[in-house]
Amino acid sequence: MSEFALPQTVVEVYIPGTRNVDIALTPTEHRDYEVAVARRLSRWFGGATAESVRGYYVARDNALVQESIVKVWSFAAPTPAQARAVKRLARWLRLRLDQETVLVVIEGKPLLID
């Protein structure tokens, strides 16, 4: 049996469950975004894992927002070009979902992408 050592760091993309803060995505829409992100991370880093989580944040109007989020992540030690591509992917999500920001974590560093 052989083993393959994976990087000890990860890249994570958090997919919001809403559009424009308070309009819930349908399960099909959320799944489509999950698959799109997983496909890109898998292409860039060899695979991806997704899990549903619940997230909270305070919106610009000071309201507490709760939503179902899908976290898609890959074990990765991204090159600078790959890190930029992950940030572009987050910007694409932000624009498509009319969000204030989208969270990514690159090698342990959380970034809110606007």
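A brief structural summary. Source: prediction; values computed, not measured.

Our next topic: the pairing of strand 1 (residues 10-15). Of all 6 residues in strand 1, 6 are buried, a share of seventy percent or more. The alternating pattern of strand 1 places Val10, Glu12 and Tyr14 and Val11, Val13 and Ile15 on opposite faces, both of which are buried. Inspection of the sheet shows strand 1 paired to strand 5 (residues 64-75) by 6 bridges, in the antiparallel sense. For Val13, the partnering residue across the bridge sits in strand 5 and is Val72. Where strand 1 and strand 6 (residues 102-106) come together, 3 bridges link them in antiparallel fashion. Along strand 6, the bridge assignment pairs Val11 with Ile106.

Here we come to helix 2 (residues 80-96). For helix 2, built from 17 residues, the straight-helix expectation of 24 Å at 1.5 Å per residue is met to within 8% by its first-to-last C-alpha distance of 24 Å. Those residues of helix 2 that fall on the buried side of the exposure criterion are Ala83, Ala85, Val86, Leu89, Ala90, Leu93 and Arg94. Buried residues belonging to helix 2 abut strand 1, helix 1 (27-45), strand 6 and strand 7 (109-113). Just past helix 2, the residue Asp98 takes up positive phi, approximately 50°.

Where strand 6 meets strand 7, 5 bridges bridge the pair, whose relative direction is antiparallel. Looking across to strand 7, one finds that Val102 is bridged to Ile113.

To continue, consider the packing of helix 1 against helix 2. Remark: helix 1 packs on helix 2, axes separated minimally by 11 Å, with the N-to-C direction vectors making an angle of 170°. Taken together, helix 1 and helix 2 sit at an angle that is classed as roughly antiparallel. On the side of helix 1, the interface is formed by Tyr33, Ala36, Val37, Arg40, Leu41, Trp44 and Phe45, while helix 2 contributes Gln82, Ala85, Val86, Leu89, Trp92, Leu93 and Arg96.

Enumeration over the complete set of coordinates arrives at 3 salt bridges. Across the salt bridge formed by Glu29 and Arg19, the nearest N and O atoms sit 3.6 Å from each other. With Glu29 in helix 1 and Arg19 in strand 2 (residues 18-19), this pair connects stretches of sequence that are 10 residues apart. Judged by relative accessible area, which is 26%, Glu29 ranks as partly exposed. Notably, a salt bridge pairs Glu34 with Arg31, separated by 3.0 Å at the nearest N-O pair. In this pair, Glu34 and Arg31 both sit in helix 1, 3 residues apart, roughly one turn of the helix. The buried category is assigned to Glu34, whose relative accessible area is 16%. Given a relative accessible area of 47%, Arg31 falls into the partly exposed group.

Thresholds, definitions, all that
- Residues numbered from 1 in each chain as written.
- Predicted model: local features only at pLDDT ≥ 70, side-chain atom pairs only at ≥ 80, totals over all residues.
- Heavy atoms only, no water.
- Buried < 20%, exposed > 50% of the residue type's maximum accessible area, 1.4 Å probe, protein only.
- Helix = DSSP H or I, 4+ residues; strand = E, 2+ residues; numbered from the N terminus.
- Pairing = 2+ DSSP bridges.
- Expected span 1.5 Å × (residues − 1).
- Contact = heavy atoms within 4.5 Å.
- Axes fitted to C-alpha atoms, helices over the stretch in contact; angles between N-to-C directions.
- Parallel < 35°, antiparallel > 145°, perpendicular 65-115°, else oblique.
- Salt bridge = Lys/Arg side-chain N within 4 Å of Asp/Glu carboxyl O.

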